[in-house]
Amino acid sequence: MYDFAYQKPASIADAAKLLADPEAKALAGGMTLIPVLKQRLNKPATVVDLSKLGLAGITVSGGMVAIGAMTTHVTVARSAEVKKAIPALASLAANIGDRAVRYRGTIGGSLANNDPTADYPAAVLALGATIKTNRRSIDADSYFQGMFATALEPGEIITAVEFPVPEKAAYVKFPNPASRYAMVGVFVAKGPKGVRVAVTGAGQNGVHRHTAFEQALTKSWSAAALDGIATPSAGLNSDIHGSAEYRAHLVGVMAKRAVAAAG
Amino acid sequence: MPQVSLTVNGKPASAEVEARTLLVELLREKLGLTGTHVGCDTSQCGACVVHVDGMAVKSCTMLAVQADGAKVTTIEGLAAADGTLHPMQEMFREHHALQCGFCTPGMVMTAIDLVATHPDGLTEEQIRHGLEGNLCRCTGYHNIVKAIAAAWPLMHGKGMPAAAE
Ligand SMILES: Cc1cc2nc3c(=O)[nH]c(=O)nc-3n(C[C@H](O)[C@H](O)[C@H](O)COP(=O)(O)OP(=O)(O)OC[C@H]3O[C@@H](n4cnc5c(N)ncnc54)[C@H](O)[C@@H]3O)c2cc1C
Ligand code: FES
Ligand code: FES
């Protein structure tokens, strides 16, 4: 790892000032950034630790679950309020990586990184959540812009994520047995934003909506409604873990399981 | 260079580190606590797990500066002053839950966290899931799972073995 200057600002304004430098990089849980720095894939002059900005915490009110960017996966997984309002979100968080990763990794870091096999992007897209930053609000449909690409501008800081509480929702993933990242993960939701289905892990461009499934489930919310709807394998990942055709098949299987689990 | 001050195994410790110094490097190289191992250095194997403010984390994936002010417990901090092993260490010994021993410090630290966060009981399935971040090249995990199940009643002050056969 190359050395860098370490800063732990105490206000969002100070953090924004430090991150205005293109050579600076934000640090949340470090579960992605530290491995990246070790591999020397990135060489920031300054690492800006976001842990003292008061960005951790969960509030539920008015049909909305707001989760601070620095809230760890374990906190979401164990939150009685999240379990009650959006159980699918708590169980998604409980199955990210392993215990040690969940104690450090944060929702903000996961969304800023937008790994094409990460779990949270599926929840954000399917639930129609809003990403709050120090500059603006970004709706889920415009936030995800392909593999590791988001609508975030340089130096922009995610402060929170707001999830509208759905009527029904569930997330089912087929985890890569080594990393636990999603080979394919499908989040289905029926709620204030309509019926939405988001697929992670499968697509070359990361998380995306499955409109054919959405239309079928809008007509009839049941696993059987997805029978016979093939998922095209074009644009899906093919690697040592599985072919694009295999992933296309898994999308259907995970989606049906998710609809069944949502009830 | 940044200065970090923390509590390690109940005693105050401080050291001058580089910003890039990992917590595991601080523990092993500056503080001489070589019980914490580095197996992969890529956040996969869990040999480096220690407790930071009560949470089992991978010390190879945390900067020493991030642990400033924290309470850290390593494998060296588990046994009592008179050498009496922690119940988890004792059960690992009893159930032959180690062979080469390289993964053991991280396994034990994760296992203690796992048992502590499941006061209402711990099934075999939960134990196996709980060990997803800890790799062992020797044992096949079976005896590790047994040791953890056996440690559960001891850690929760109950005489009966946990129903995790
Ligand atoms: C072994 C292992 C297994 C994993 N398995 C899974 C899995 O199964 N599913 C899954 O979804 N994830 C998985 N992860 C990823 C993990 O869950 C973290 O969510 C992820 O690493 C990013 O979160 P972080 O808080 O660690 O961010 P960091 O690593 O600290 O940061 C990641 C990136 O986001 C930027 N950033 C961080 N916070 C903000 C913010 N608030 N605003 C703007 N930019 C920000 C940083 O600058 C950096 O570029 C795994 C990680 C490991 C090491
Ligand atoms: S050495 Fe830290 S996870 Fe392997
Ligand atoms: S006992 Fe050898 S790696 Fe686990």
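Remember, predicted model here, so these are calculated numbers, not experimental data.

Let's shift gears to the overall build of chain B. When you go through chain B residue by residue, the secondary structure sums to 5 helices and 5 strands. Element order for chain B, N to C, with α for helix and β for strand: β-β-α-β-β-β-α-α-α-α. Scaling as 2.2 N^0.38, a compact globule of 165 residues should have a C-alpha radius of gyration of about 15 Å, and chain B matches this with 16 Å. Within the span of chain B, comprising 165 residues, buried residues form 50% of the whole. In chain B, the proportion of contacts linking residues at least 24 apart, taken out of those at least 6 apart, comes to 57%. As displayed, chain B has an accessible area near 7,500 Å², and 52% of this comes from carbon and sulfur atoms. Of the side chains in chain B, 11 bear a positive and 17 a negative charge, and the two mean positions are spaced by 3 Å.

Let us now look at the pattern of salt bridges. For the structure shown, the criterion picks out 18 salt bridges over all chains. Measuring nitrogen to oxygen at the nearest pair gives 2.6 Å for the salt bridge that ties Asp113 of chain B to Arg99 of chain A. Of the two residues, Asp113 of chain B sits in helix α3 (residues 104-116) while Arg99 of chain A sits in helix α6 (residues 99-104), which places them in two different chains. Taken individually, Asp113 of chain B and Arg99 of chain A each receive the classification buried, so the pair is uniform in this respect. Among the ionic pairs, Lys173 of chain A bridges to Asp119 of chain A, the shortest N-O distance being 3.0 Å. A residue pair is termed long-range when its members are at least 10 positions apart, and Lys173 of chain A in strand β9 (residues 168-175) and Asp119 of chain A in the loop between α7 (107-113) and α8 (120-127) qualify at 54 residues. Neither Lys173 of chain A nor Asp119 of chain A differs from the other in exposure class; each is buried. Through salt bridges with shared partners, a single ionic network connects Arg135, Arg136, Glu153 and Glu156 of chain A.

The assigned domain composition of chain A is domain 1 (1-51) and domain 2 (168-262). The C-alpha centroid of domain 2 of chain A is placed 34 Å from the C-alpha centroid of domain 1 of chain A.

The next subject is the interface of chain B and chain A. Listed by partner, the interface residues are 24 residues for chain B and 24 residues for chain A. Summing both sides of the interface, chain B and chain A together bury roughly 2,100 Å²; the carbon and sulfur share of this comes to 58%. Run the count over chain B and chain A and you get 4 salt bridges. Between Asp41 of chain B and Lys38 of chain A there is a salt bridge, with the nearest N and O atoms lying 2.8 Å from each other. At the junction of chain B with chain A, the criterion picks out 9 residue pairs in polar contact (both at pLDDT 80 or more). Element by element, the count of residues in the side of chain B that touches chain A is highest for strand β4 (residues 55-58) of chain B, at 4 residues. The class makeup of the residues in the side of chain B that touches chain A is 10 nonpolar, 8 polar and 6 charged.

To continue, consider helix α5 (residues 142-155) of chain B. With 14 residues, α5 of chain B extends 20 Å between its outermost C-alpha atoms, agreeing within 8% with the 20 Å of an ideal straight helix rising 1.5 Å per residue. Residues of α5 of chain B that are buried make contact with α2 (87-94), α3 and α4 (124-130) of chain B.

Enumeration according to the criterion identifies 2 cavities of 30 Å³ or more in this entry. Empty space within the largest cavity amounts to approximately 50 Å³. If you trace the largest cavity, you find it lined by Ala126, Leu127, Pro164, Pro166, Ala189, Lys190, Gly191, Pro192, Lys193, Gly194 and Arg196 of chain A. Sorting the residues of the lining of the largest cavity by element identifies α8, β10 (182-191) and β11 (194-200) of chain A as the ones contributing at least two each. No other element matches the 3 residues that β10 of chain A contributes to the lining of the largest cavity. Residues of the lining of the largest cavity, tallied by class, amount to 6 nonpolar, 2 polar and 3 charged. There is about 30 Å³ of room inside the second largest cavity. Every residue along the wall of the second largest cavity is listed here: Asp98, Arg99 and Ala100 of chain A together with Thr110, Gly130, Gly133 and Asn134 of chain B.

Another point: the side chain of His37 of chain B. Here His37 of chain B lies in the loop between α1 (23-30) and β3 (49-52). Setting aside anything within four residues of it in sequence, one finds His37 of chain B in contact with Arg28, Ala47, Cys48, Gly101, Phe102 and Pro105 of chain B.

Residues and elements named next belong to chain A. Considering all chains together, one arrives at 2 aromatic pairs over all chains under this definition. Taking the centre distance of 5.0 Å and the plane angle of 90° together, the rings of Tyr143 and Phe144 count as edge-to-face. A single burial state applies to Tyr143 and to Phe144, both of which are buried. Between Arg40 and the ring centre of Tyr2, over which it is positioned, the NZ or CZ distance is 4.1 Å. When the ring centre of Tyr2 is taken as origin, the NZ or CZ atom of Lys43, which lies over that ring, is 4.9 Å away.

Rules used throughout
- Here, residues in each chain are numbered from 1, in the same order as that chain's written sequence.
- Think of it this way: whatever chain is written first is A, whatever ligand is written first is 1, and the rest follow in order.
- Only residues with pLDDT of 70 or above have their local features reported here, since the model is predicted, and side-chain atom pairs are shown and tallied only from 80 upward, although totals for entire chains, interfaces and linings are computed over all residues.
- To get the side-chain values, all heavy atoms of the structure are used, and hydrogens and water are removed first.
- Helix and strand definitions here come from DSSP, where helices need a minimum of 4 consecutive H or I residues and strands a minimum of 2 consecutive E residues; each element is numbered from the N-terminal end.
- In this description the radius of gyration comes from C-alpha coordinates, and the expected globular size is given by 2.2 Å times residues to the power 0.38.
- Buried, partly exposed and exposed residues are distinguished by accessible area as a fraction of the type maximum, computed with a 1.4 Å probe on protein chains only: under 20%, between the cut-offs, and over 50%, respectively.
- What makes two residues a contact is simply this: any of their non-hydrogen atoms within 4.5 Å.
- Exposure was quantified through the Shrake-Rupley algorithm and a 1.4 Å probe, taking into account, for residues, occlusion by the shown protein chains and nothing else.
- When charges are counted, Lys and Arg are positive and Asp and Glu negative, with His and the chain ends excluded.
- By convention, charge coordinates are those of NZ in Lys, CZ in Arg, CG in Asp, or CD in Glu.
- Salt bridges, as used here, are contacts in which a Lys or Arg side-chain nitrogen is within 4 Å of a carboxyl oxygen on Asp or Glu.
- For the purposes of this description, domain bounds are those given by an automatic or database domain assignment.
- Note on terms: buried area is the combined drop in 1.4 Å-probe accessible area of two parts once they are placed together, counting the loss on both.
- In the analysis that follows, any N or O atom pair within 3.5 Å is treated as a polar contact, provided that within protein one partner can donate a hydrogen and the other can accept it, and provided that, for residues neighboring in sequence, both atoms belong to side chains.
- Here the nonpolar group is Ala, Val, Leu, Ile, Met, Phe, Trp, Tyr, Cys and Pro; Asp, Glu, Lys and Arg are the charged ones; every other residue, Gly included, is treated as polar.
- A helix is expected to span 1.5 Å for every residue after the first.
- Definitions used throughout: a 1 Å grid over protein atoms alone; a cavity as a set of points that fits a 1.4 Å probe which cannot get out; a pocket as an open set with protein on both sides within 12 Å along at least five of seven lines; a lining residue as one with an atom within 4 Å of a point.
- Grid points are joined across faces, edges and corners, and a volume is the space filled by probe spheres set on the points.
- Here a pair means two rings of Phe, Tyr or Trp (six-membered ring of Trp) with centres within 6.5 Å. Their orientation is stacked below 30 degrees between planes, edge-to-face above 60, and tilted elsewhere.
- By definition here, charges over rings are those cases where NZ of Lys or CZ of Arg is within 6 Å of the ring centre and within 35 degrees of the ring normal.

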